[in-house]
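# A closer look at the structure
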Amino acid sequence: MMLNGQSRCGCTGTGTGRTAATPVEPGLGGSAVLKVGQLVGNFRIVSKIGQGGMGAVYAAVHRQIGRRAAVKVLHGPLAKTSDYAQRFLNEARAVNILRHPNLVEIFDFGQLPDGTLYIIMEFLEGESLRAKLRRSRKLSEPQATELARQMAQALDSAHQKGIIHRDLKPENVMLVADAMRPTEDRVKILDFGIAKVNQQSQPNKQSPAPKGEDGEDFQTAIGTTMGTPKYMAPEQYGSAAKV
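Since the structure is predicted, the reported quantities are computational estimates derived from the model, not experimental observations.

Rules of the game
Residues numbered from 1 in each chain as written. Predicted model: local features only at pLDDT ≥ 70, side-chain atom pairs only at ≥ 80, totals over all residues. Heavy atoms only, no water. Helix = DSSP H or I, 4+ residues; strand = E, 2+ residues; numbered from the N terminus. Buried < 20%, exposed > 50% of the residue type's maximum accessible area, 1.4 Å probe, protein only. Phe/Tyr/Trp six-rings, centres within 6.5 Å; stacked < 30°, edge-to-face > 60°. pLDDT = per-residue confidence, 0-100. Contact = heavy atoms within 4.5 Å. Core = buried A, V, L, I, M, F, W, Y, C linked by side-chain atoms within 4.5 Å. Pairing = 2+ DSSP bridges. Arc of directions from axis to C-beta. Axes fitted to C-alpha atoms, helices over the stretch in contact; angles between N-to-C directions.

## So, the overall build of the protein
Counting secondary structure elements, the protein contains 5 helices and 13 strands. When the 243 residues of the protein are sorted by exposure, 48% land in the buried category.

Structure (structure tokens):
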């Protein structure tokens, strides 16, 4: 998956031709919006799931086998900014390197003809840890212990491969039904956009990105603060480059 990768098909759902450009959503400062029926790779857009400051997420279905997926896009103006584009690519790379049952799975990464970057990932049905806490107010000790255990296993796997999340918080932890234990929650950690990915953890990458301190995959300037202040490790306040 590369920044200059092309989508396999840019056709609309009507089959009348190729999409020349991704439409712009009014009032969002040039934010890209996908149309229902539009093809992104082999996945057809079904509906919009959510909108954020950096991009949007859409529900999609594979046009041949019917597999559900979520398509995350980076807003057009940000896709043209090397730092944001690199972070978007960083998310796809980090999760692809790890392939852990407690991390969201990524199927594909690419770029539409108009430059819009996208990631096609596992469609998750559930709620965020933040939503669960708001609804339940608190977790029982066994619940908290089990969720912490799953998160720790996923992060330990990441750390062993030289990847540090740097933005773990309740909003980035999804809880979905466990196929093996239907009454239990399975943790899925999301959003590795600002993760530190050590260059050495990617031995087969064909076109390496600029390395930062300690071989970081994209350069984090000394003194840069990254993360969500309420959940940041103390050392992140001084410099994210050292985390």
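## Examining the packing of aromatic side chains
Taken as a whole and assessed by the stated rule, the structure comprises 2 aromatic pairs. On the numbers, 6.3 Å between centres and 15° between planes, the contact of Phe43 with Phe107 is stacked. On the criterion of sequence distance, the pair formed by Phe43 in strand E4 (residues 43–51) and Phe107 in strand E7 (residues 106–111) is long-range, its members being 64 residues apart. By relative accessible area, which is 24% here, Phe107 ends up partly exposed. Aromatic pair Phe88 and Phe109: ring centres 6.0 Å apart, planes at 50°, arrangement tilted. One end of the pair, Phe88, is in helix H2 (residues 82–98); the other, Phe109, is in strand E7, with 21 residues separating them in the sequence. With respect to class, Phe88 is no different from Phe109; both count as buried.

## Re the confidence of the model for the protein
Across the protein, the average pLDDT comes to 75, with 71% of residues at 70 or higher. Below pLDDT 50 for its whole length, residues 1–30 participates in 72 contacts with residues either more than four positions away or in separate chains. This stretch, residues 205–225, has a pLDDT under 50; its non-local contacts, to residues over four places away or in other chains, come to 62 contacts.

## Side note on the nonpolar core
With 35 residues, the main nonpolar core has Ile163, Ile189 and Phe192 as its most contacted residues. If you tally residues by element for this core, the top one is H2, at 7 residues. Those residues in contact with Ile189 that lie beyond four places of it in its chain are Asn102, Leu103, Val104, Met151, Ala154, Leu155, His165, Leu168 and Asn172. Counting 14 residues, the second largest nonpolar core, distinct from the first, contains Val40, Ile45, Tyr58 and Ile120.

## Observations regarding the sheet that holds strand E3 (residues 39–40)
Taken in spatial order, the 6 strands of this open sheet run E3-E4-E5-E6-E8-E7, and their pairing is antiparallel. Of all strands in the sheet, those bounded by a partner on one side alone are E3 and E7. Bridge count between strand E5 (residues 55–62) and strand E6 (residues 68–74): 7 bridges; the pairing is antiparallel. Along E6, the bridge assignment pairs Gly55 with Leu74.

## Observations regarding helix H3 (residues 129–136)
At 3.6 residues per turn, the α-helix brings residues three or four places apart onto the same side. Among the residues making up H3, those that are buried are Leu129, Arg130 and Lys132. Each buried residue of H3 sits inside an arc of 165° when the element is viewed along its axis, so together they form one side. Pointing more than 90 degrees away from the buried face of H3 are the exposed residues Arg134 and Arg135. Buried positions along H3 lie against strand E9 (126–128), helix H4 (141–160), strand E11 (173–177) and strand E12 (185–189). Following H3 by one or two positions, Arg137 has its phi on the positive side, about 75°.

## Some words on the sheet that holds E12
With antiparallel pairing, 3 strands are arranged side by side in an open sheet as E9-E11-E12. Sheet topology places E9 and E12 at the edges, where each strand pairs with a single neighbour. Across the sheet, the axes of successive neighbouring strands diverge by a mean angle of 30°, strand direction being ignored. Examined bridge by bridge, E11 and E12 share 5 bridges and lie antiparallel to one another. Each residue of the ladder has a partner; that of Leu175, found in E12, is Val187. Its contacts with the sheet place H3 against E9, E11 and E12, and it is angled at close to 85° to E9. Taken strand by strand, H4 contacts E11 and E12, and its axis lies near 35° from that of E12.

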